[in-house]
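Residue-level structural notes
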Amino acid sequence: MSIAIPIVSILVLAGLAWLAGRALRSALCPICIGVAGTWLWMLVARFAGLPIDATMLAVLLGASAVGIAGQVESRFAQGRSLLLWKTLALPAGIVAAYGIVEERWGVAAAAAVALAVLSATFLRAPRLARADEEVVKNLEQQMKRCC
């Protein structure tokens, strides 16, 4: 398979997603949809027995792993470690991509579960420390006395 086919697919699907996003007034990421849609049809074609370049498939899955990590990261509460998130999430995403390309479904599923647990952990708002609670209460009292 030529590299041109996946690139054209990404561009076409991204263009369609962009048009759909404008029509629906939705915050769709056209590039994300173009890349994911391309590796999705490539997987389906591969399972149907067509010769699909595993290297290109792996590159696209890896790009989605990075994109998903970035999307999750953008929803973090203040005080979460972005470096720790990337250090844990990206290897798990790469393992999931590997499991998919190599059709090792147990590996892919375990990595997906790990990503879900990591995401839930990092998306949960951190508890305020006792000292922070006291600072907030003091500020609230000062604001009440202010006016």
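This section reports on the structure supplied with the text. (Residues numbered from 1 in each chain as written. Predicted model: local features only at pLDDT ≥ 70, side-chain atom pairs only at ≥ 80, totals over all residues. Heavy atoms only, no water.)

1. Here's the deal with the overall build of the chain
Put simply, the rule is: A helix here means a DSSP run of H or I that spans at least four residues, while a strand means a run of E at least two residues long, and both kinds are numbered starting from the N terminus. Atoms considered for the radius of gyration are the C-alpha atoms alone. The globule rule reads 2.2 Å times the number of residues to the power 0.38. Exposure is judged per residue with a 1.4 Å probe applied to protein chains only, and the accessible area is read against the type maximum: over 50% gives exposed, under 20% gives buried, and values in between give partly exposed. Any two residues whose heavy atoms approach within 4.5 Å are treated as being in contact.
Within the chain, the regular secondary structure consists of 6 helices and 0 strands. N-terminal to C-terminal, the α/β element order of the chain is α-α-α-α-α-α. Its C-alpha radius of gyration of 21 Å places the chain more than 25% over the 15 Å reference for a compact globule of 147 residues. Overall size of the chain, expressed as C-alpha extent along the three principal axes, is 70 × 40 × 20 Å. Taken over 147 residues, the chain has a buried fraction of 25%. Residue pairs at least 24 apart in sequence account for 58% of intrachain contacts in the chain once pairs closer than 6 positions are excluded.

2. Notes on the packing of aromatic side chains
Where we set the bar: To pair, rings of Phe, Tyr and Trp, with the six-membered ring standing in for Trp, must have centres within 6.5 Å; the planes then decide the type, stacked if under 30 degrees apart, edge-to-face if over 60, and tilted in the middle.
One pass over the structure, following the stated rule, counts 4 aromatic pairs. Between F47 and W105 the ring centres are 5.7 Å apart and the planes differ by 65°, which places this aromatic pair in the edge-to-face class. Here the residue F47 occupies a position in helix α2 (residues 30–47), and W105 occupies one in helix α5 (residues 105–123), the gap between them amounting to 58 residues. The partly exposed category is assigned to F47, whose relative accessible area is 44%. Grouping aromatic residues by their ring pairs yields a cluster made of F76, W85 and F122.

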